[in-house]
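# Notes for the structure review
Each chain is listed here by its residues.
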Amino acid sequence: SLRLISCYDVFDDGLTEAIMKFPLLEELELSLCPNVDDSGVFGVIGKACPQLKRFRLSKNVFFDYEAGDQEKDEEAMGIATMHELRSLQLFSNSLTNKGLTAILDNCHHLESLDIRHCFNVTMDDALRAKCARISTLRLPNDSTDDYDFIVKSPIWRNSESFLGDYVGSDSDYELGSDDYDDYCDPSRYLDGVYEDELNDEARMILRGMCMLIK
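Residues numbered from 1 in each chain as written. Predicted model: local features only at pLDDT ≥ 70, side-chain atom pairs only at ≥ 80, totals over all residues. Heavy atoms only, no water.

In the annotation of an unreviewed UniProt entry, the chain is listed under the name F-box domain-containing protein and assigned to Aegilops tauschii subsp. strangulata.

This is how it looks when you write it as C-alpha cells:
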C-alpha cells in the first residue's frame, strides 16, 4: 500500500521512476498531489502494478477548463489499464462519459466506484446499465458529507467571480483597473516572480491555467 497525500514535491518523473519498483502494489492513493498531472503516469502505473486493486485519485477542486473530450479523458484511459481494480475513487476528475466507459469496459472486477464531483459525466441509460454490476456507486452529485478532505465548490469557466475569488481576493489592486488586470494575468506568474503573493491553492490553479495557455 502506498498513500501520497498533499505531496507537493512529488512530480511525474519521480513517481514514474518509483512506481516501477513496486510490482506487488495492491493499493495506491494520490490525493491533493497537484504536480502529478501527466496523464501518461497512470498508464505506467497500470503496467507496472498488475496486482493493483484499489486506486484513489482525489483532486483539490473540479476545474471546468475548455478542452476536447480526448484531453479530459487522458487520465481515465490510463486508469483503464488497471485491469484488476476492485475499488476506484476519482474525486473532481475531468473525465467524461467516454473515459468512464473505457474504465468500466476494461476493469471487469470493479466493485466500488466513486466519481463524486466529476461533473463532466452525465449518467445516461448506457452508463447506468454498465454500472449496474457495481455494488457501491457514488455519482457526481451525491453527498460529500463523508468525504475526508475539504470539499471545494467547482470552478466554472464562465464564472465572472473566478479571478476575484481565486486570484485577486487578497490583492491591493482596484477591481477593473489595469493594475488589477495585470495582477490577474496568469502569464505574469510563469517565471515565478510573484509567487509570494499566492497561496497554495492559487498557485495550483494558476499552474493549470498557464499549462492551457502555453
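Next comes the rest of the write-up.
## Observations concerning the side chain of D64
Relative to the assigned elements, D64 resides in strand β4 (residues 63-64). When its relative accessible area of 10% is taken as the criterion, D64 is described as buried. For D64, the residues in contact, after removing those within four places along its chain, are N120, I155, W156 and R157. (Helix = DSSP H or I, 4+ residues; strand = E, 2+ residues; numbered from the N terminus. Buried < 20%, exposed > 50% of the residue type's maximum accessible area, 1.4 Å probe, protein only. Contact = heavy atoms within 4.5 Å.)

## Observations regarding the environment of S153
Residue position: S153 is located in the loop between β7 (136-138) and β8 (155-156). Through-space distance from the C-alpha of S153 to that of V61 is 7.0 Å; in sequence the pair is 92 residues apart.

## Examining the environment of I155
Within the secondary structure, I155 sits in strand β8. The buried category is assigned to I155, whose relative accessible area is 3%. As for I155 and D64, which are separated by 91 residues in sequence, their C-alpha atoms are 6.0 Å apart.

## Regarding the pattern of salt bridges
One pass over the full model with this rule turns up 10 salt bridges. Among the ionic contacts, a cluster of salt bridges with common partners joins R3, E29, R56 and D148. (Salt bridge = Lys/Arg side-chain N within 4 Å of Asp/Glu carboxyl O.)

## Quick look at the packing of helix α1 (residues 12-19) against helix α2 (residues 40-48)
Close contact between α1 and α2 brings their axes to 10 Å; oriented N to C, the two are set at 5°. By the criterion of interaxial angle, the relationship of α1 to α2 is roughly parallel. The segment α1 lies against α2, with D12, L15, T16 and I19 engaging V41, V44, I45 and A48. Residues of the contact of α1 with α2, tallied by class, amount to six nonpolar, one polar and one charged. (Axes fitted to C-alpha atoms, helices over the stretch in contact; angles between N-to-C directions. Parallel < 35°, antiparallel > 145°, perpendicular 65-115°, else oblique. Nonpolar A, V, L, I, M, F, W, Y, C, P; charged D, E, K, R; others polar.)

## Some points on the packing of aromatic side chains
Tallied over the entire structure, the rule returns six aromatic pairs. Taken together, a centroid distance of 3.8 Å and an interplanar angle of 10° make the contact between F91 and Y147 stacked. One end of the pair, F91, is in strand β5 (residues 87-91); the other, Y147, is in the loop between β7 and β8, with 56 residues separating them in the sequence. Both residues of the pair, F91 and Y147, belong to the buried class. Taking the centre distance of 5.7 Å and the plane angle of 75° together, the rings of Y147 and F149 count as edge-to-face. (Phe/Tyr/Trp six-rings, centres within 6.5 Å; stacked < 30°, edge-to-face > 60°.)

## Section: the sheet that holds β5
Pairing in this open sheet of six strands is parallel, and the strands run β1-β2-β3-β5-β6-β7 from one edge to the other. Looking at which strands have only one partner, the edges of the open sheet turn out to be β1 (2-5) and β7. Strand-to-strand, the axes of this sheet are offset by a mean angle of 5°, without reference to chain direction. Bridging between β5 and strand β6 (residues 112-114) involves three bridges; their strand directions are parallel. Residue pairing in the sheet places S87 in a bridge with S112 of β6. (Pairing = 2+ DSSP bridges.)

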